[in-house]
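Residue-level structural notes
This is what each chain is made of:
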Amino acid sequence: MPEVAPVPLSQLTTLRTGGEPARLIDASTLDEAVAALRGVWAEGEPWFVLGGGSNLFVGDEPFEGTVVRLRTSGIEELPGSREGTVRLRVQAGHDWDALVAETVARGFAGIEAMSGIPGTVGAAPVQNVGAYGQEIVQTLVEVELIDESTGDVETVSAEELGLGFRTSVLKRHYGSVPERSAVILSVTLELERVGAEERPIASEQLRGALGLEPGHAVSLRWIRDHVLTTRARKGMVLDAEDPDTWSAGSFFQNAIVSEAFARTLPAECPRWPLTPILDPVTVIPLAAFDGILPPPPVVSRQVKVSAAWLIENAGLSRGFRFPRSRAGLSTKHTLALTNRGEATAAEIAELARFVQNRVASEFGLVLQPEPVLVNVEL
Ligand SMILES: Cc1cc2nc3c(=O)[nH]c(=O)nc-3n(C[C@H](O)[C@H](O)[C@H](O)COP(=O)(O)OP(=O)(O)OC[C@H]3O[C@@H](n4cnc5c(N)ncnc54)[C@H](O)[C@@H]3O)c2cc1C
């Protein structure tokens, strides 16, 4: 097995925290990845798979187990399911943004608004990555994965992965185990062949972010360039020189609450209904109508509310940090907790708990972390 000398995970994660694992395996081919995982599972030791380390918050103590780092790469072009489409099968360790750049250069549409998201292709379905109205669920056809329970490599359709808002059956949410323990080995996407043609953007969210009027036509290259500039302004493109990007991206998820709870929040708090707001219709056959209308059925609707708004309106502004702490909110974006240089996981966790407590005491809800936590608690 391609075992390498372990290094502290602070060197392999973008939030720059984490102690040393007992073992580190670098898998550069699919066969190496499969052999490494089967070996680790046979020994029954703690393990996790590492991509680009951009959605992980790792504790300071040594990790008493094996980290398998996926370093596979490669893009295979396959026929699309219909005229004007193409399929790409991409190895899990391939850099996500390098894939986006390649699709834009080849004139394939579908993931250009997700330019600049760090990490690997294999990790992208794990939390159904998304930005500016595009999510991988819109183009994902299937993945090839290896399942811990059987050790078998299988092809699994996108529908079976339970992709939702920053979630899938494979994601380890804080305080729970994933519904399915498996590692993605390759990802197949279906994209549209549009070439260098300028086209209007259908997504209102993307038009809004890029300041475009409906009907304004732009190319894939234009979208990628402008998304990268917009993200960089918010510290959302990795930059070794800029501590505002030494983060795990958004540390807290937008909260999903009931519509009734959302009504208790100030009207200015941005919110987006998750289910269509339709008045349910009850049909009463004329023969059965006795002149009395039944009460309307109670429909529980969910609403997504802005975590950034809640944080800012709980009194925490950009750049907030405790005296002497090396952890702070990004100076560009309150949702990103950042490492201002050599911060320990304990310092990041202290800040995260403070943000959660402020929001909970002002608004009565506990924000949930978006990154996967390893060896650390909030
Ligand atoms: C500056 C910045 C901006 C970001 N912006 C966005 C954004 O706009 N939208 C967004 O959705 N996310 C964003 N993120 C979060 C992150 O980039 C994505 O979640 C990304 O997909 C993580 O990829 P990774 O390879 O770094 O995963 P890692 O951090 O290495 O791993 C994350 C989790 O996935 C698991 N995992 C990794 N690879 C696999 C695999 N092949 N199979 C199964 N499990 C696997 C790991 O074990 C871990 O539990 C941002 C992060 C940063 C630092």
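One structure accompanies this document, and this report is about it.

Observations concerning the overall build of the protein
Along its length, the protein carries seven helices and 21 strands. Computed over C-alpha atoms, the radius of gyration of the protein comes to 22 Å, within 12% of the 21 Å expected from 2.2 N^0.38 for 378 residues, which places it in the range of a compact globule. A principal-axis box enclosing the C-alpha atoms of the protein has dimensions of 80 × 60 × 45 Å. Expressed as a percentage of the 378 residues in the protein, the buried residues total 40%. Sequence separation of 24 or more characterises 65% of the internal contacts of the protein that already satisfy a separation of 6 or more.

Digging into the environment of Gln127
Within the secondary structure, Gln127 is located in the loop between strand E8 (108–109) and strand E9 (130–131). Gln127 gets classed as buried once you count the C-beta atoms within 10 Å, which come to 25. Between the C-alpha atom of Gln127 and that of Ala314, which follows or precedes it by 187 residues, the distance is 27 Å. Not counting the four nearest positions on each side in its chain, Gln127 is found in contact with Asn55, Arg166, Thr167, Ser168 and Lys171.

Structural notes on helix H4 (residues 220–233)
Here H4 contains 14 residues, and its C-alpha end-to-end distance of 20 Å stays within 8% of the 20 Å for a straight helix at 1.5 Å per residue. All buried positions along H4 are accounted for by Leu220, Ile223, Arg224 and Val227. With its buried residues spanning 95 degrees around the axis, H4 presents them on a single face. Turned more than 90 degrees from where H4 packs its buried face, Thr229 and Arg233 sit exposed. Residues of H4 that are buried make contact with helix H2 (96–106), E8 and strand E15 (217–218). Two residues or fewer past H4, Gly235 is found with a positive phi of approximately 75 degrees.

What about the nonpolar core?
If you look at the biggest cluster of nonpolar residues, it comprises 87 residues, and the most contacted ones within it are Phe57, Val68, Val183, Val187, Leu337 and Ile348. Per element, the largest residue contribution to this core is eight residues, and it comes from helix H7 (residues 345–363). Discounting residues that sit within four places of it in the chain, Leu337 has contacts with Ser247, Phe251, Ala327, Leu329, Ile348, Leu351 and Ala352.

Structural notes on the sheet that holds strand E18 (residues 302–305)
Taken in spatial order, the three strands make up an open sheet running E16-E18-E17, and their pairing is antiparallel. In this open sheet, the two edge strands, each paired with only one partner strand, are strand E16 (255–258) and strand E17 (271–273). Looking at each pair of strands side by side, their axes are set apart by 30 degrees on average, direction ignored. The sheet contact formed by E16 and E18 spans four bridges and is antiparallel. Among the inter-strand pairings, Ile256 is bridged to a residue of E18, identified as Lys304.

Let's talk about the pairing of strand E2 (residues 21–27)
Each regular strand carries side chains that alternate between the two faces of the sheet. Extensive coverage of E2 is indicated by the burial of five of its seven residues. As defined by bridge partners, strand E1 (residues 3–4) adjoins E2 across two bridges and the pair is classed as antiparallel. For Val4, the partnering residue across the bridge sits in E2 and is Leu24. Bridge count for E2 against strand E5 (residues 63–70) is six bridges, and the pairing is parallel. When the sheet's bridge partners are listed, Ala27 is paired in E5 with Leu70.

Digging into the site of the ligand
Taken together, the neighbourhood of the ligand is formed by 35 residues, with Gly51, Gly52, Gly119, Gly122 and Gly249 sitting nearest. Looking at the shell around the ligand, the elements with two or more residues in it are strand E3 (47–50), E9 and strand E13 (182–193). Among the elements that take part in the shell around the ligand, E3 stands out by supplying three residues, more than any other. Partitioning the shell around the ligand into residue classes produces 20 nonpolar, 14 polar and one charged.

How each quantity is defined
- Residues numbered from 1 in each chain as written.
- Predicted model: local features only at pLDDT ≥ 70, side-chain atom pairs only at ≥ 80, totals over all residues.
- Helix = DSSP H or I, 4+ residues; strand = E, 2+ residues; numbered from the N terminus.
- Rg over C-alpha atoms; globule rule 2.2 N^0.38 Å.
- Buried ≥ 20, exposed ≤ 12 C-beta atoms within 10 Å, placed from the backbone.
- Contact = placed C-beta atoms within 7 Å.
- Expected span 1.5 Å × (residues − 1).
- Arc of directions from axis to C-beta.
- Core = buried A, V, L, I, M, F, W, Y, C linked by C-beta atoms within 7 Å.
- Pairing = 2+ DSSP bridges.
- Axes fitted to C-alpha atoms, helices over the stretch in contact; angles between N-to-C directions.
- Near = placed C-beta within 6 Å.
- Nonpolar A, V, L, I, M, F, W, Y, C, P; charged D, E, K, R; others polar.

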